[in-house]
Amino acid sequence: MLEADNLECVRGERRLFAGVGFRLEGGELLYLQGRNGAGKTSLLRMLIGLLPPEAGEIRWRGVPIRQAGDDFRAELCYLGHLNAIKEELTPLENLLAAARLADEELSEDEVLDALEQVGLAGREDLACKYLSQGQKRRVALARLVKERRPLWVLDEPFVALDVAAVDWLAGLISAHLQRGGLAVMTTHQAVAIPAGTVRELRLS
Amino acid sequence: MLEADNLECVRGERRLFAGVGFRLEGGELLYLQGRNGAGKTSLLRMLIGLLPPEAGEIRWRGVPIRQAGDDFRAELCYLGHLNAIKEELTPLENLLAAARLADEELSEDEVLDALEQVGLAGREDLACKYLSQGQKRRVALARLVKERRPLWVLDEPFVALDVAAVDWLAGLISAHLQRGGLAVMTTHQAVAIPAGTVRELRLS
Amino acid sequence: MLRIVTAVVARDLRLAMRRQADIVSALFFFIIVVSLFPLGIGPEPDLLRKLAPGVLWVAALLATMLSLPRLFADDHRDGTLEQLALAPHPLGLVVTGKVIAHWLVSGLPLAVLAPVLGLQFDLSTEALVVLTASILIGTPALSGIGGIGAALTLGLRGGGVLLSLLVLPLYIPVLIFGAGAVDATVSGLGGEAHLSLLAALTLAALGFAPWAAAAALRIALE
Amino acid sequence: MLRIVTAVVARDLRLAMRRQADIVSALFFFIIVVSLFPLGIGPEPDLLRKLAPGVLWVAALLATMLSLPRLFADDHRDGTLEQLALAPHPLGLVVTGKVIAHWLVSGLPLAVLAPVLGLQFDLSTEALVVLTASILIGTPALSGIGGIGAALTLGLRGGGVLLSLLVLPLYIPVLIFGAGAVDATVSGLGGEAHLSLLAALTLAALGFAPWAAAAALRIALE
Amino acid sequence: MIHWNSFSEFLAMGGYGLYVWGSFGVTALILAVEPIVVARNRNNTIARLKRQLRAERRITE
Amino acid sequence: MTDRFNIYRYAAPSAFYPLAGAMVPWFAAAAVLFGLAGLWLGMLVAPTDFQQGEGYRIIFIHVPASWMSMFIYLVMAFWAAIGLAFNTRLSGMMAQALAPTGALMAFLSLWTGALWGKPMWGTWWVWDARLTSELILLFLYIGYMALVAAIDDPRRADKAGGLLLLVGVVNIPIIYFSVKWWNTLHQGASVSLTKSPSMAATMLWGMLLMALCFWMYSIAVALIRVRTIMLERERNTDWVRETLEGDGK
Ligand code: HEM
Ligand SMILES: Nc1ncnc2c1ncn2[C@@H]1O[C@H](COP(=O)(O)OP(=O)(O)OP(=O)(O)O)[C@@H](O)[C@H]1O
Ligand SMILES: Nc1ncnc2c1ncn2[C@@H]1O[C@H](COP(=O)(O)OP(=O)(O)OP(=O)(O)O)[C@@H](O)[C@H]1O
Ligand SMILES: [Mg+2]
Ligand SMILES: [Mg+2]
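Throughout, a residue's number is its position along its own chain's written sequence, starting from 1. Each chain is given a letter, starting from A, and each ligand a number, starting from 1, according to the order in which they appear as written. pLDDT decides what is reported in this predicted model: residues at 70 or higher carry local features, side-chain atom pairs at 80 or more are listed and counted, and totals for whole chains, interfaces and linings draw on all residues regardless. Only hydrogens and water are removed before side-chain values are computed, so all heavy atoms of the structure are retained for them.

Caption draft 1: Examining the interface of chain F and chain E more closely. Contacts between residues were defined by any pair of non-hydrogen atoms, one from each residue, lying within 4.5 Å. In this assembly, 46 residues from chain F lie in contact with 32 residues from chain E. The term buried area means the drop in 1.4 Å probe accessible area that two parts suffer when joined, counted for both and summed. A buried area of about 3400 Å², summed over both sides, lies between chain F and chain E, and 71% of it is on carbon and sulfur atoms. One side-chain nitrogen of Lys or Arg within 4 Å of one carboxyl oxygen of Asp or Glu is enough to make a salt bridge. Taken together, chain F and chain E are joined by two salt bridges. Here a polar contact is taken to be a pair of N or O atoms separated by no more than 3.5 Å, where protein atoms must pair a possible hydrogen donor with a possible acceptor and residues adjacent in sequence count only if both atoms sit in side chains. Scanning the region where chain F abuts chain E turns up six residue pairs in polar contact (both at pLDDT 80 or more). Broken down by secondary-structure element, the contributors of at least two residues to the side of chain F that touches chain E are α2 (13-45), α3 (59-86), α4 (89-121), α8 (201-233) and α9 (238-245) of chain F. For the side of chain F that touches chain E, the element with the most residues is α4 of chain F, which contributes 12 residues. Under the scheme applied, nonpolar residues are Ala, Val, Leu, Ile, Met, Phe, Trp, Tyr, Cys and Pro; charged residues are Asp, Glu, Lys and Arg; polar residues are all the others, including Gly. Along the lines of polarity and charge, the residues of the side of chain F that touches chain E split into 27 nonpolar, nine polar and 10 charged. Helix numbering and strand numbering both begin at the N terminus, where a helix is a DSSP run of H or I of at least 4 residues and a strand a DSSP run of E of at least 2.

So, in structure tokens, the structure goes:
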């Protein structure tokens with residue numbers, strides 16, 4: 001479904017990597033590894049089409065993503081290291097607005113349910129700026145609960161989460177894979193994803 | 001050396017904790033635990049005097065820190081979850097400026113040496129905005145290399161670091177404890193600190 | 001298509017309401033700047049009446065401009081902009097929504113307030129009507145053009161001032177026609193010609209600016 | 001003590017140089033606002049000469065004010081401010097350093113440029129000298145008072161406009177004496193009295209403002 | 001002792017009626033409306049707090 | 001803790017709340033009485049001014065409003081200083097309760113002054129020093145209210161607002177003395193403690209009674225407002241719960 005050929009990344013004067021390629025099918029997780037600064041985030045941003053690669057091509061369902069455009073983006077869910085939540089809005093408002101902007105149908109009940117799953121029951125109506133680091137991250141992750149788009153791209157999703165939340169998220173990713181979804185992920189924490197095929201790609 | 005009595009923290013309407021107290025001597029590490037939103041960051045900010053506690057008192061060498069003021073701050077080194085580096089400056093400039101503002105003597109050679117230790121050799125002259133997440137964190141941590149002040153307060157220092165850097169930092173903290181320093185730390189990652197007495201405090 | 005635009009407008013308006021201060025303070029900035037001039041220049045009514053159109057329009061322009069840096073900056077900083085760029089519809093629509101919301105928060109209140117301030121400068125009723133109309137018609141163009149500037153300077157530190165630098169030259173035609181309309185009315189020539197030119201400017205800006213801004217945003221995100 | 005102040009000044013100046021855009025753009029903002037007025041008002045030389053002191057001073061004031069929101073915001077956002085507040089010396093000294101740096105970047109260049117712009121308005125040599133002197137003497141007060149406003153609104157979203165609201169009323173005396181000095185010179189009364197009042201204002205602001213701002217910063221960091 | 005000869009003279013205020021009554025009218029309006037707003041505000045707050053208190057009780061019981 | 005509450009007995013909201021509640025009716029009644037007496041003297045009894053005709057009667061609200069607008073700001077600044085020095089909870093609430101009334105007084109001063117200026121000076125507004133500084137005072141009130149509203153944590157809001165009040169208080173002497181310092185259109189103070197008043201006795205009494213009326217009115221409104229703020233702020237304390245379980249009085 002998602003293929004990358006011979007990707008090359010140059011930042012400033014520095015060639016971060018070259019000749020990187022892979023092929024990912026439904027139910028598979030690509031686990032991107034590499035030391036700090038190896039180029040993992042850069043690679044992810046290429047995959048979602050925000051950073052044009054120096055060389056090489058990325059295809060989704062056989063079509064180069066530049067060409068696929070909105071069709072590709074309609075099947076993509078990206079979670080960067082920024083949380084993409086508004087500090088002034090409450091978790092509830094944040095998730096509703098995000099859904100509406102991504103053109104998804106999501107009822108208030110569904111959102112409340114998602115928030116409860118991420119352990120934010122009782123904080124639905126507190127502006128996000130008052131939340132702790134980990135709680136903010138949880139709001140961002142709550143988007144994934146009802147997410148049914150096939151391709152998930154996650155940049156260090158486990159950062160700032162406590163142990164219980166890490167387990168919960170690992171379970172959520174497994175369920176996504178079992179539904180036949182694809183995921184690309186980076187993390188420096190060793191977290192076991194119980195289900196799905198895990199492929200590793202090491203940048204160095 | 002560092003004592004806290006009966007601390008109480010109220011944020012908004014919510015009482016996060018009450019009756020928290022501990023006593024920390026040289027060579028000891030206080031490892032603060034608790035789920036997301038338990039109040040770890042809030043407690044750390046009380047300890048360094050940025051957040052006045054609702055009730056209770058914090059003493060350093062027997063003197064309440066409000067009273068000790070600059071004397072206390074002269075012995076304190078804090079590392080929050082923000083990196084406190086300027087994106088426009090290079091790592092070298094950042095560290096030199098930080099040292100000068102903290103009123104410490106630090107030569108350029110010492111700084112270069114510290115940067116090499118954190119694995120940023122070759123990036124001394126690249127503006128920090130081009131660095132990866134983990135590399136930025138490393139710049140912030142490089143401040144600790146030459147740091148000889150007795151009390152270190154670290155909020156989630158391991159976030160965004162790769163495995164090698166985590167080990168290195170654990171070693172650095174150990175060395176600090178062996179020199180008779182104190183440290184207070186939070187982290188959700190299980191990291192073993194080889195030396196020193198580790199005390200745990202669980203907020204819930 | 002319309003759904004996206006309204007969704008963006010609704011979200012931005014809610015954010016503005018939440019911050020409350022925003023709307024009120026843009027207005028007060030307008031009031032204060034307008035009141036500064038007589039202080040700097042002195043209290044002769046005749047002189048002040050001559051200045052009125054220019055001062056009011058320059059103040060409106062500055063008030064609109066001041067809120068521009070935050071048009072995309074907040075969304076950029078917290079990662080929302082990335083998500084908007086990844087949504088499966090043209091980014092230009094999103095920008096259109098943001099521009100409309102910006103105008104509702106920063107342009108519309110100015111038009112409401114302008115006649116009151118005009119009184120301080122002793123303007124005639126007719127001149128006040130034309131003043132209000134010109135601000136009502138002209139400010140959408142300011143928001144639209146400002147959007148391009150805001151997108152171009154996004155993420156550049158020191159963006160705020162750089163932004164003014166980019167945007168002000170483009171604002172000058174709006175200023176000339178806007179103040180010109182009031183001036184023409186005051187001197188009895190009738191401001192219709194100026195107003196229709198202003199309307200043309202606004203239409204052009206609203207049709208074209210969002211797409212230029214969207215392109216600039218994609219570059220800023222690379 | 002002095003070491004801390006100079007360290008802060010040095011760091012802030014280096015940052016400003018790195019961003020380059022900053023200095024140049026504050027200047028250009030000044031130039032553009034000053035040039036907007038003749039456009040909004042029309043080109044009669046007599047009228048313009050009367051306006052000159054007011055317009056130049058209002059523009060200087062706005063240019064200084066525009067860069068205020070970022071006085072502490074950048075340091076706040078990236079955590080540097082916490083570190084500064086934890087350093088073992090009075091926070092007021094750090095703020096003094098930042099205020100000085102702000103003036104060097106935003107006030108001083110205005111004073112250098114003011115005479116050139118004054119020429120556009122057909123001012124006499126004497127008036128130009130007084131104009132320059134008044135801006136040179138008055139802008140440090142603007143930076144100092146602005147520091148308080150910037151500290152009070154730190155971390156509040158929508159702070160930029162709220163900041164203007166808080167700071168502008170306090171700027172008005174500076175504006176009145178500054179423009180008054182030039183006005184008095186133009187009308188042959190001599191601007192010394194105004195200038196010495198201005199100097200008194202500046203001294204008071206510089207002595208007092210950094211400590212008030214430091215107190216506000218501690219509140220913002222809670 | 002009363003200075004006016006007739007009510008209409010009182011209303012006219014020696015030709016300054018518009019200005020005098022404009023001042024007194026707006027002042028009276030504001031001094032009347034402010035207490036009403038303040039009192040309403042107070043009642044609303046009390047009602048809301050009572051509601052919250054009851055809800056809280058119900059949860060803890 | 002307890003001994004501190006003894007020292008600042010009425011600085012504790014729980015003690016001040018009932019006290020304030022008991023005082024409100026008295027101040028309200030006094031305001032009405034003084035107001036009626038002042039209006040009777042000023043509107044019905046006082047003679048025509050030989051210069052300004054009947055138009056001068058605006059003075060009976062213009063001057064009290066102007067005085068109150070300055071005085072309330074001073075009181076707020078006083079509370080702010082207390083609050084910053086002793087960290088009492090009550091002071092911030094008092095300052096906040098006074099602000100809207102102060103802003104309204106400043107507005108009334110401007111409004112009545114403008115209505116007075118049109119017949120006397122021929123214009124609604126001149127950029128005279130006193131008028132301008134009164135306008136600045138209005139902005140300071142609004143700035144204070146906007147700042148306090150923008151900060152959600154009430155204690156932080158109190159501290160930041162208090163600081164602003166103390167900084168802005170320099171404007172008060174400027175307003176008061178502006179007429180002396182700059183020789184302008186606006187008339188100088190005609191009531192002073194040292195000199196004997198230069199106006200007719202009935203006018204003077206009318207004005208003083210109206211000033212007392214405004215004074216009582218402001219206190220009454222501010223007390224009601226501060227009681228509301230107290231309930232809101234301290235809603236999680238026992239005394240508020242008990243109060244709410246009663247009738248809220
Ligand atoms: C918007 C315009 C005006 C403002 C903001 C204003 C402001 C003030 C202030 C702050 C005071 C109290 C200060 C003091 O007692 O010394 C005052 C008093 C007074 N004003 Fe005005 N004023 C305005 C217009 C006028 C006009 C048009 C007149 C009359 C022609 C006037 C006549 C007076 C008089 C007679 C007093 C009482 C002075 C005294 O007896 O102490 N004012 N005004
Ligand atoms: N202009 C530039 N000149 C030189 N090197 C650059 C430039 N811009 C970026 N880089 C380098 O590119 C790399 C960016 O890496 P990226 O953010 O993709 O790393 P990462 O693998 O995600 O690291 P981390 O684990 O720390 O998140 C860094 O090593 C950085 O130093
Ligand atoms: N105004 C407020 N009203 C209610 N709750 C608040 C308010 N402000 C902060 N909080 C709560 O205070 C807590 C702050 O926690 P803090 O940041 O200290 O947590 P932490 O233990 O560091 O968590 P993490 O592991 O996620 O970093 C959060 O639970 C937050 O919801
Ligand atoms: Mg990365
Ligand atoms: Mg934390």
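Caption draft 2: Region of interest: the domain arrangement of chain A. Residues and elements named next belong to chain A. Note that the domain bounds reflect an automated or database-derived domain assignment. As assigned here, chain A comprises domain 1 (1-75 + 150-204) and domain 2 (85-148). A separation of 24 Å is found between the C-alpha centroids of domain 1 and domain 2. Counting residues at the interface gives 15 residues for domain 1, matched by 11 residues for domain 2. Summing both partners gives a buried area of about 1100 Å² for domain 1 against domain 2, and 63% of it is carried by carbon and sulfur. Where domain 1 packs against domain 2, one counts one salt bridge. A salt bridge links Arg138 to Asp162, with the nearest nitrogen and oxygen atoms 2.9 Å apart. Joining domain 1 to domain 2, the criterion identifies four residue pairs in polar contact (both at pLDDT 80 or more). Secondary structure elements with two or more residues in the side of domain 1 that touches domain 2: β7 (151-155) and α7 (163-178).

Caption draft 3: Broad picture of the environment of Ala30 of chain F. All names here are of chain F. Following the sequence through the fold, Ala30 ends up in helix α2. Exposed residues in this analysis have more than 50% of their type's maximum accessible area, buried residues have under 20%, and partly exposed residues fall in between, with area computed by a 1.4 Å probe over protein chains only. Given a relative accessible area of 18%, Ala30 falls into the buried group. Along the sequence, Ala30 and His186 sit 156 residues apart, while their C-alpha atoms lie 32 Å from each other.

Caption draft 4: Inspection of the packing of helix α6 (residues 91-120) of chain D against helix α7 (residues 125-152) of chain D at higher detail. Residues and elements named next belong to chain D. The angle between two axes is taken between their N-to-C directions and runs from 0 to 180 degrees, where each axis is a line fitted to C-alpha atoms and a helix contributes only its stretch in contact. Two elements in contact, α6 and α7, have axes separated by 9 Å at closest approach and are oriented at 160°. With respect to α7, the element α6 is oriented roughly antiparallel. Pair α6 / α7 crosses with right-handed handedness. When α6 is examined against α7, the residues Val99, His102, Trp103, Ser106, Gly107, Leu108, Leu110, Ala111, Ala114, Pro115, Gly118 and Leu119 are found in contact with a partner set consisting of Leu128, Leu131, Thr132, Ile135, Leu136, Thr139, Pro140, Ser143 and Gly144. Of the residues assigned to the contact of α6 with α7, the class counts are 13 nonpolar, eight polar and no charged. Roughly parallel means an angle under 35 degrees; roughly antiparallel, over 145; roughly perpendicular, 65 to 115; everything else is oblique. Crossing handedness: left-handed means the near helix sits turned counterclockwise from the far one by under a right angle, and right-handed means the same turn made clockwise.

Caption draft 5: Quick look at the sheet that holds strand β2 (residues 14-24) of chain B. Residue and element names in this part refer to chain B. Strands are labelled as partners when DSSP assigns at least two bridges between them. Taken in spatial order, the four strands make up an open sheet running β2-β1-β4-β5, and their pairing is antiparallel. Only two strands of the sheet have a single neighbouring strand rather than two, namely β2 and β5 (63-64). For strand β4 (residues 55-60) and β5, the ladder comprises two bridges, and the chain directions are antiparallel. Residue pairing in the sheet places Arg59 in a bridge with Pro64 of β5.

Caption draft 6: Up close: a negative patch on the surface. Together, Glu108, Asp109, Glu110 and Asp125 of chain A make up a negatively charged patch on the protein surface. By the secondary structure assignment, Glu110 of chain A is in helix α5 (residues 108-117). A patch consists of residues exposed above 30% relative accessible area that lack any salt bridge, with like charges linked at up to 9 Å and nonpolar side chains (Val, Leu, Ile, Met, Phe, Trp, Tyr) linked at up to 5 Å. To be clear on the numbers: accessible area is Shrake-Rupley with a 1.4 Å probe, and residue cover counts the displayed protein chains and nothing else. This count recognises Lys and Arg as positive and Asp and Glu as negative, with His and chain-terminal groups excluded. Charged groups are reduced to one reference atom each: NZ for lysine, CZ for arginine, CG for aspartic acid, CD for glutamic acid.

Caption draft 7: View of the arrangement of the chains. Ranked by contact count, the leading pair among the 11 pairs of chains in contact consists of chains E and F. Left apart from each other, chain C and chain E have a closest C-alpha approach of 17 Å.

Caption draft 8: Fine view of helix α1 (residues 40-47) of chain A. Judged by how many residues are buried, α1 of chain A sits mostly within the fold: seven of eight residues are covered. A positive backbone phi angle near 85° is found at Gly49 of chain A, which sits one or two residues after α1 of chain A.

Caption draft 9: Structural view of the confidence of the model for chain F. Residues and elements named next belong to chain F. Predicted confidence across chain F gives a mean pLDDT of 82, with 84% of residues reaching 70 or more. The predictor rates its confidence in each residue with pLDDT, a number between 0 and 100. Within chain F, helix α1 (residues 2-7) has the poorest average pLDDT of any element, 44, and α3 the best, 92. Taken together, the stretch residues 192-196 has pLDDT below 50 and engages in zero contacts with residues farther than four places along the chain or on a different chain.

Caption draft 10: Broad picture of the nonpolar core. Residues Phe30 of chain C together with Phe30 of chain D are the most contacted members of the largest nonpolar core, which totals 325 residues. Here this core takes 16 residues from helix α8 (residues 159-186) of chain D, the largest share from any one element. Phe30 of chain D has contacts with Leu56, Ala59, Ala60, Ala63, Leu110, Leu113, Ala114 and Leu117 of chain D, leaving out every residue within four places of it along the chain. Here the nonpolar core consists of buried residues drawn from Ala, Val, Leu, Ile, Met, Phe, Trp, Tyr and Cys, with membership extended through side-chain atoms lying within 4.5 Å. Leu79, Ala165, Leu177 and Ala183 of chain B belong to the second-largest nonpolar core, a separate cluster that totals 21 residues.

Caption draft 11: Focus on helix α3 (residues 45-66) of chain D. Residues and elements named next belong to chain D. In a helix, the anticipated span is given by 1.5 Å times the number of residues less one. Between its terminal C-alpha atoms α3 stretches 29 Å, which fits the 32 Å expected from 22 residues at 1.5 Å a residue. One axis fitted to the seven residues ending at a residue, another fitted to the seven starting there: the angle between these axes is the bend at that residue. Taken as a whole, α3 carries its principal kink of about 50° at Leu51; the proline Pro53 stands between one and four residues after it. A large share of α3 lies buried, amounting to 18 of its 22 residues.

Caption draft 12: Representation of the site of ligand 3. Not every one of the 23 residues close to ligand 3 is listed here, only the nearest: Ser132 and Gly134 of chain A together with Lys40, Thr41 and Ser42 of chain B. Separating an oxygen atom of ligand 3 from a side-chain N or O atom of Ser132 of chain A is a distance of 2.6 Å. Contacts to ligand 3 include Asn36 of chain B, whose side-chain N or O atom sits 3.1 Å from an oxygen atom. Out of a free accessible area of 650 Å², ligand 3 has 93% covered by protein chains. Contributions of two or more residues to the shell around ligand 3 are made by α6 (133-145) of chain A together with β2 and α1 (40-47) of chain B. Taken together, the residues that form the shell around ligand 3 break down as five nonpolar, 11 polar and seven charged. Neighbouring residues are identified by heavy atoms, a residue being near a molecule or strand if any of them is within 4 Å of it.

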